Amino acid sequence: IYDISNPASPALLGNHYPGGGWMWSSAVAGNYAYVVTNDYSQIEVIDISDPAKMRTVTRLDLPINMKSIKAIGDTLYVGTQGVGFQVLPQIKRRVP
């Protein structure tokens, strides 16, 4: 996470490496980042409320091949390969 309040001098606030390897796509809503990891079928939910101490809260395994993700409120919108567009409502209820 970078602080870009001064675009001429962005400051690194913290980083986190997902357990599933590299990130394919990510979205942020509130204090959580939702990351599609390199196996394309898992969303890693990361608490970003303290950028210096980010932590994985949970991982959601889904039977779809995700390529992109967008978070709006409590809903995740996922673009998939072969299945089309998927809507995952009330995702925050799955986060401990």
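Residues numbered from 1 in each chain as written. Predicted model: local features only at pLDDT ≥ 70, side-chain atom pairs only at ≥ 80, totals over all residues. Heavy atoms only, no water.

Engineer: How do you make sense of the sheet that holds strand 9 (residues 85-88) when you look at a structure like this?
Structural biologist: Sheets are built from strands paired through backbone hydrogen bonds, the pairs being either parallel or antiparallel. Across the sheet, 3 strands lie side by side as 7-8-9; this open sheet has antiparallel pairing. Two strands in the sheet have a free side with no partner beyond their single neighbour: strand 7 (66-72) and strand 9. Ignoring strand direction, the axes of neighbouring strands in this sheet form an average angle of 20°. Across 6 bridges, strand 7 lies against strand 8 (residues 75-80) in antiparallel orientation. Note on strand 8: the bridge partner recorded for lysine 70 is tyrosine 77. (Pairing = 2+ DSSP bridges. Helix = DSSP H or I, 4+ residues; strand = E, 2+ residues; numbered from the N terminus. Axes fitted to C-alpha atoms, helices over the stretch in contact; angles between N-to-C directions.)

Engineer: Is there a simple way to explain the environment of serine 5 in this structure?
Structural biologist: When you line up the elements, serine 5 lands in the loop between strand 1 (2-3) and strand 2 (11-12). In this structure the side chain of serine 5 is engaged in a polar contact, spanning 2.8 Å, whose partner is the side chain of aspartate 3. (Polar contact = N/O pair within 3.5 Å; in protein donor to acceptor, adjacent residues only side chain to side chain.)

Engineer: What is the right way to look at the sheet that holds strand 6 (residues 55-61) in this model?
Structural biologist: Strand order in the open sheet made by the 4 strands is 3-4-5-6, with antiparallel pairing throughout. The outermost strands of the open sheet, each flanked by one partner alone, are strand 3 (23-29) and strand 6. Within this sheet the neighbouring strands show an average axis-to-axis angle of 20°, counted without direction. Summarising the sheet, strand 3 and strand 4 (residues 32-37) pair through 6 bridges and their orientation is antiparallel. Within strand 4, the position partnered with valine 28 by the bridge is alanine 33.

Engineer: Help me understand the packing of aromatic side chains in this model?
Structural biologist: Per the counting criterion, the structure on display carries 1 aromatic pair. Over the ring of tryptophan 24 we find lysine 67; its NZ or CZ atom is 4.9 Å from the centre of that ring. (Phe/Tyr/Trp six-rings, centres within 6.5 Å; stacked < 30°, edge-to-face > 60°. Lys NZ or Arg CZ within 6 Å of the ring centre and 35° of its normal.)

Engineer: Please explain the pairing of strand 5 (residues 42-47) as it appears in this structure.
Structural biologist: The side chains of a regular strand alternate, first on one face of the sheet and then on the other. Counting buried positions along strand 5 gives 6 out of 6 residues, so the element sits mostly inside the fold. Judged by which residues are buried, strand 5 turns out to be covered on both faces: Gln42, Glu44 and Ile46 on one side and Ile43, Val45 and Asp47 on the other are all buried. Counted along the chain from strand 4 to the antiparallel partner strand 5, the turn is 4 residues long, and its residue tyrosine 40 has a positive phi close to 65°. Summarising the sheet, strand 5 and strand 6 pair through 6 bridges and their orientation is antiparallel. Each bridged residue has a counterpart across the sheet, and for valine 45 the counterpart in strand 6 is threonine 58. (Buried < 20%, exposed > 50% of the residue type's maximum accessible area, 1.4 Å probe, protein only.)

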